Amino acid sequence: MSSGTEPATRPSGQASTAESPWPVRTVARKIADWIHRLGTVWVEGQVTQISARPGTSTAFLTLRDPAADVSMSVTCPMRLLRSIDPPLRDGASVVVHAKPTFFLGRGTLSLRANEIRAVGIGELLARIERLRKLLGAEGLFAPERKRRLPFLPKGVGLITGRASAAEHDVLVNAQARWPAVKFHVVNTAVQGVNAVPQIVRALSTLDANPEVDVIVIARGGGSVEDLLPFSDETLCRAVAAAGTPVVSAIGHEPDSPLLDHVADLRCSTPTDAAKRVVPDVREETARVHQLRDRGRRALHGWVDTQCRLLDQLRSRPSLADPLGPIERRADEVELNVERGRRAILTTLAHEQSALTSARARLTALGPSATLERGYAVVQFSDEEGNLRVLRSVSQIAEGTALRVRVADGAIRATALAPEE
């Protein structure tokens, strides 16, 4: 791609170097040639910043990707823009048939459109339905992933339009139910091309705030196009990934954007959301009084029951006269002690009598009694010096020393010759 104004010494295909750089015009032409070879494309997006000045033949608009912060300039003949019925407005979804064009003078890229088709309600609903099935298949609508809202949040995050009826309904009704509730309000666009990125940023900010226990996304009713941001895939995935429970309060009861299915709690209206995120102080106060009364009655009933049981126990004979059984048993003990004493004395007397009788018999049969009757016991000493009873005259010889024991003592004697 050579030019007559370029240096003749530089071939068109020569690579640029620090010593031999390309001029700006050469780079611009090369980029333009490459872009122009792309051909026409079909592009879908949302329309913003429509500029159609009277007396001009070209209209300018910006085509924005609703799921990302990306936009491109689009130019089209004024007659093409006027032929669209109904007229295009900001936020409208369109499909554009255009050819990428690079403007050398400004070094900018734009799309030159030759056909613009507005996306109808039916097509929008069909796309939302396809996205619904996709997110449902991924489990983003599963009931088990829904989190319960805190009973009394220390802070409530509110994402809604500035000075909107939805903001008024949520704040007024919630503060009427619980005056001490603390709100962290973030105002964003709630329709149009800026709604999704602003809501996603607000959601991220509130989710990172430790003072926020629940987040409410609220908007009043509107057409399908108005509520389209709340069926956006980027917003739905951001809500599913949030660590804080999210409440969806979009539109009226019949409205059902995809956000309702992804959020942890779906409320029919912003007013309904205000009733669900905080308890009613009057109802809770009445419930506390009721529980206190029930607790008081239950305690009194339990005390009365225990008192009756104590009275029944105290009325029993063992507790009514606790010393009576002991006294009666004491008399029985004394009686038994006396019986035992008499039995022991009787036994002792009997045994004493038997002992006396035995002693008398032993005394009568003993040697002392025999000695008292005039008998004597004669003893002599044997060769070992032991005293032995003399039983025969043959045991001793004449002159043997004898010991004669009588009843009142013993005498010494000497044996003489035995008598014949």
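Check the entry above for the structure.
Worth saying up front: this structure is predicted, and the values here are computed from it rather than measured.

### Here's the deal with the packing of helix 4 (residues 165-177) against helix 8 (residues 270-277)
Part 1: One way to put it is that helix 4 packs onto helix 8 with a least axis distance of 8 Å and a crossing angle of 30 degrees. Here helix 4 is positioned roughly parallel relative to helix 8, judged by the angle of their axes. In this structure, the crossing between helix 4 and helix 8 has a hand that is right-handed. Note on element contacts: helix 8 touches helix 4 through Pro-270, Thr-271, Ala-274 and Lys-275, opposite Ala-166, Asp-169, Val-170, Asn-173, Ala-174 and Arg-177.

### Some thoughts on the pairing of strand 11 (residues 377-381)
In the case of a regular strand, side chains alternate between the two sheet surfaces.
Part 1: Both strand 11 and strand 13 (residues 401-406) contribute to a ladder of four bridges, which runs antiparallel. By the bridge assignment, Phe-380 is partnered in strand 13 with Leu-402.
Part 2: Where strand 11 lies against strand 12 (residues 387-389), three bridges are found, and the strand directions are antiparallel. Residue Phe-380 lies in a different strand from strand 12, and its bridge partner there is Arg-388.
Part 3: Remark: five residues form the turn of the hairpin made by strand 11 and strand 12, two consecutive strands paired antiparallel; Gly-385 in that turn has positive phi of roughly 90 degrees.

### Brief notes about the packing of aromatic side chains
Part 1: This model, assessed by the stated rule, comprises zero aromatic pairs.
Part 2: For Lys-30, the ring lying beneath its charged end belongs to Trp-22, and the centroid distance is 4.5 Å.
Part 3: The cationic tip of Arg-106 hangs over the ring face of Phe-103; the distance from NZ or CZ to the ring centre is 4.7 Å.

### Section: the packing of helix 5 (residues 195-207) against helix 6 (residues 233-241)
Part 1: Running from N to C, helix 5 and helix 6 cross one another at 10 degrees; their axes reach a closest spacing of 9 Å. As judged from the angle between their axes, helix 5 and helix 6 are roughly parallel. Only Thr-234, Leu-235, Ala-238 and Val-239 of helix 6 make contact with helix 5, whose side of the interface consists of Val-196, Ile-199, Val-200 and Leu-203.
Part 2: When grouped by side-chain class, the residues that make up the contact of helix 5 with helix 6 number seven nonpolar, one polar and no charged.

### Describing the sheet that holds strand 11
Each strand in a sheet pairs with another by means of backbone hydrogen bonds, the pair being arranged parallel or else antiparallel.
Part 1: Taken together, four strands build an open sheet; the order of strands is 12-11-13-14 and the sheet is antiparallel. Two strands close off the open sheet at either side, each with one partner strand: strand 12 and strand 14 (409-414). Averaged over all neighbouring strand pairs, the angle between strand axes comes to 30 degrees, with direction disregarded.

### Points about the pattern of salt bridges
Part 1: The tally for this structure, following the rule as stated, stands at 13 salt bridges.
Part 2: Linking Glu-233 and Arg-237 is a salt bridge whose minimum nitrogen-to-oxygen distance equals 3.0 Å. Residue Glu-233 and its partner Arg-237 are both found in helix 6; the two are separated by four residues, about one turn of the helix.
Part 3: You can call Arg-237 partly exposed: its relative accessible area is 31%.
Part 4: Here Asp-260 ties to Arg-266 by a salt bridge, and the two come within 3.1 Å at their closest N and O atoms.

### Topic: the layout of surface pockets
Part 1: By volume, the largest pocket amounts to about 480 Å³.
Part 2: Lining the largest pocket are 20 residues, with Glu-44, Pro-66, Arg-127, Leu-228 and Asp-232 positioned closest to its centre.
Part 3: Those elements giving two or more residues to the lining of the largest pocket turn out to be strand 1 (41-51), helix 3 (121-137) and helix 6.
Part 4: Residue contributions to the lining of the largest pocket peak at four residues, all from helix 3.
Part 5: Partitioned by chemical class, the residues of the lining of the largest pocket number nine nonpolar, six polar and five charged.

Each value, and the rule that gives it
Residues numbered from 1 in each chain as written. Predicted model: local features only at pLDDT ≥ 70, side-chain atom pairs only at ≥ 80, totals over all residues. Heavy atoms only, no water. Axes fitted to C-alpha atoms, helices over the stretch in contact; angles between N-to-C directions. Helix = DSSP H or I, 4+ residues; strand = E, 2+ residues; numbered from the N terminus. Parallel < 35°, antiparallel > 145°, perpendicular 65-115°, else oblique. Left-handed = near helix turned anticlockwise from the far one by under 90°. Contact = heavy atoms within 4.5 Å. Pairing = 2+ DSSP bridges. Phe/Tyr/Trp six-rings, centres within 6.5 Å; stacked < 30°, edge-to-face > 60°. Lys NZ or Arg CZ within 6 Å of the ring centre and 35° of its normal. Nonpolar A, V, L, I, M, F, W, Y, C, P; charged D, E, K, R; others polar. Salt bridge = Lys/Arg side-chain N within 4 Å of Asp/Glu carboxyl O. Buried < 20%, exposed > 50% of the residue type's maximum accessible area, 1.4 Å probe, protein only. 1 Å grid on protein atoms, 1.4 Å probe; cavity = no way out; pocket = protein on both sides within 12 Å on 5 of 7 lines; lining within 4 Å. Points joined across faces, edges and corners; volume = space filled by probe spheres on them.

Scope: geometric values only; no functional claims are made or implied.
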